[in-house]
Amino acid sequence: MYDIFKTVLILSLFGFGITALLLLLKPITAKRLPARWQYCVWVALLISMVLPAYKLIPKKEAQKLSIVPQNQTVQTETQPQEEINPDTVVTYDTPIEYREVNLSSKIQIRLFDLIAYIWGTGVLIFSLVVIISYFRFLCHKNKNAVKISDNKIFSEVKKELKIKRRIRLKASSDIGSPMLVGILFPTVYIPCREIPDNNMRMVLLHELTHYKRKDLLVKWFAILVNAVHWFNPLCYLACAALSEACEVSCDMAVTKNMSEDEQKLYMQTILNLVEERS
């Protein structure tokens, strides 16, 4: 557990620095980089926070240092060890990872191991809260939603995006804006109210484009990274920035091949949905 947490701590410090830099540069990169590239940058950052790439670097320098010149000899004499007194007090010169905490008269644990176990408990609690909240959300949505069997616009948009997988369409009375939910059983939820056909097409284009781009997988991956780095405040900001870049990138992908009038209709539809949700 100690070695795992030590690696996570190094990666978290790296992610902290890069996230702070990206947030500082965001006003510039938002104007210079396309939305798709901004999205990819945040995804790459989150990947780097769980992939210890530095461990894959060959330790050539360490290998060179391990070679002993022939004209030098190595002293192998063992030094007499001092008898350790069990009542010895740890001094401030002792490295923090070797300091011990007395949990009771018979139980001792290294301080860094104790911190590692606290981190592991935090990961477990974070994951359980997310999973329980998600399943409660699904149960609530299924209870208050009605399945829409045949929808011509939905079928046309799926065909336009070349999506062959079965995706369910449901109308829910407790949502303000459409949403795509579910990786194993994807479902598009739309508000239970009258929506003009033109606006409905734009809404479904947005949600099904999310599905085609596998954005739900990316968002779940972001939750996993957030669970591992729950103690890092900037990790929450990185996940929020990723979600924002995901939406903007999706909008750009949807409107890329649209006419000017269609783009105006799409943006107006999205703005109306945002106003209704707020």
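Residues numbered from 1 in each chain as written. Predicted model: local features only at pLDDT ≥ 70, side-chain atom pairs only at ≥ 80, totals over all residues. Heavy atoms only, no water.

As annotated in an unreviewed UniProt entry, the protein carries the name M56 family metallopeptidase and comes from Qingrenia yutianensis.

Caption draft 1: Up close: the overall build of the protein. Along its length, the protein carries 9 helices and 6 strands. Residues counted as buried form 33% of the 278 residues belonging to the protein. Here the contacts in the protein between residues at least 6 apart in sequence split such that 65% fall between residues at least 24 apart. Carbon and sulfur atoms make up 61% of the accessible area of the protein, which totals about 19,300 Å². (Helix = DSSP H or I, 4+ residues; strand = E, 2+ residues; numbered from the N terminus. Buried < 20%, exposed > 50% of the residue type's maximum accessible area, 1.4 Å probe, protein only. Contact = heavy atoms within 4.5 Å. Areas by Shrake-Rupley, 256 points an atom, 1.4 Å probe, with all protein chains shown as cover.)

Caption draft 2: Structural view of the UniProt feature "transmembrane region" (unreviewed entry) in the protein. Mapped onto this structure's residue numbering, the UniProt feature "transmembrane region" (unreviewed entry) falls at residues 40-57 and 114-135. A distance of 32 Å separates the end C-alpha atoms of residues 114-135, which is 100% helix and 0% strand. (UniProt positions renumbered as here; feature names shortened; annotations may be inferred.)

Caption draft 3: Summary view of the sheet that holds strand β3 (residues 145-147). An order of β3-β4-β6-β5 is seen for the 4 strands of this open sheet, with the pairing classed as mixed. Unpaired on one side and paired on the other, β3 and β5 (179-181) mark the two borders of the sheet. Adjacent strand axes in the sheet meet at a mean angle of 30 degrees, parallel and antiparallel pairs treated alike. Note that β3 and strand β4 (residues 168-172) share 3 bridges and pair antiparallel. Among the inter-strand pairings, Ala145 is bridged to a residue of β4, identified as Ser172. Sitting on the sheet, helix α4 (residues 111-143) is in contact with β3, β4, β5 and β6 (187-191), with an inclination near 115 degrees to β5. (Pairing = 2+ DSSP bridges. Axes fitted to C-alpha atoms, helices over the stretch in contact; angles between N-to-C directions.)

Caption draft 4: Just the packing of helix α5 (residues 152-160) against helix α6 (residues 197-212), in detail. The geometry of α5 relative to α6 is characterised by a closest axis approach of 10 Å and an angle of 45 degrees between their N-to-C directions. The pairing of α5 with α6 is recorded here as oblique in orientation. By crossing handedness, the relation of α5 to α6 is classed as right-handed. The segment α5 lies against α6, with Ile153, Phe154, Val157, Lys158 and Glu160 engaging Asp197, Met200, Arg201, Leu204, Leu205 and Leu208. (Parallel < 35°, antiparallel > 145°, perpendicular 65-115°, else oblique. Left-handed = near helix turned anticlockwise from the far one by under 90°.)

Caption draft 5: Quick peek at the environment of Val123. Position of Val123 relative to the elements: it lies in helix α4. The exposure class assigned to Val123 is buried, which follows from its relative accessible area of 19%. Each C-alpha atom of the pair Val123 and His229 lies 7.9 Å from the other, and the pair is 106 residues apart in sequence. Not counting residues within four places of it along the chain, the set of residues in contact with Val123 comprises Ala227, Val228 and Trp230.

Caption draft 6: Structural view of the packing of aromatic side chains. Tallied over the entire structure, the rule returns 5 aromatic pairs. Ring plane angle 45 degrees and centroid distance 5.7 Å describe the contact between Phe5 and Trp119, whose orientation is recorded as tilted. Here Phe5, found in helix α1 (residues 2-32), pairs with Trp119, found in helix α4; they are 114 residues apart in sequence, far enough to count as distant. Here the two residues Phe5 and Trp119 agree in accessibility, since each one is buried. With 5.9 Å between their ring centres and 90 degrees between their planes, Trp230 and Phe231 make a pair best called edge-to-face. The class of Trp230 is partly exposed, set by a relative accessible area of 26%. Among the aromatic residues, those joined into a cluster by ring pairs are Phe5, Trp119, Trp230 and Phe231. In this arrangement the basic side chain of Lys214 is found over the ring face of Tyr211, its NZ or CZ atom lying 5.1 Å from the centre. (Phe/Tyr/Trp six-rings, centres within 6.5 Å; stacked < 30°, edge-to-face > 60°. Lys NZ or Arg CZ within 6 Å of the ring centre and 35° of its normal.)

Caption draft 7: Broad picture of the side chain of Thr19. Relative to the helices and strands, Thr19 is located in helix α1. Ignoring anything within four residues of it in the chain, the contact list for Thr19 reads Trp42, Leu45, Leu234 and Ala238.

Caption draft 8: Looking closely at the environment of Lys141. Here Lys141 lies in helix α4. The buried category is assigned to Lys141, whose relative accessible area is 5%. Spatially, the C-alpha atom of Lys141 lies 7.9 Å from that of Asp174, the residues being 33 residues apart in sequence. Once residues lying within four places of it in the same chain are set aside, the contact partners of Lys141 are Ser172, Asp174, Ile175, Met179 and Tyr189.

Caption draft 9: Examining helix α7 (residues 215-228) more closely. A rise of 1.5 Å per residue sets the reference length of α7, with its 14 residues, at 20 Å; its end C-alpha atoms lie 20 Å apart and thus fit the reference within 8%. Buried within α7 we find Asp215, Leu216, Val218, Ala222, Val225, Asn226, Ala227 and Val228. Along its buried surface, α7 packs onto α1, α2 (35-48), α4, β5, α6 and α8 (233-255). (Expected span 1.5 Å × (residues − 1).)

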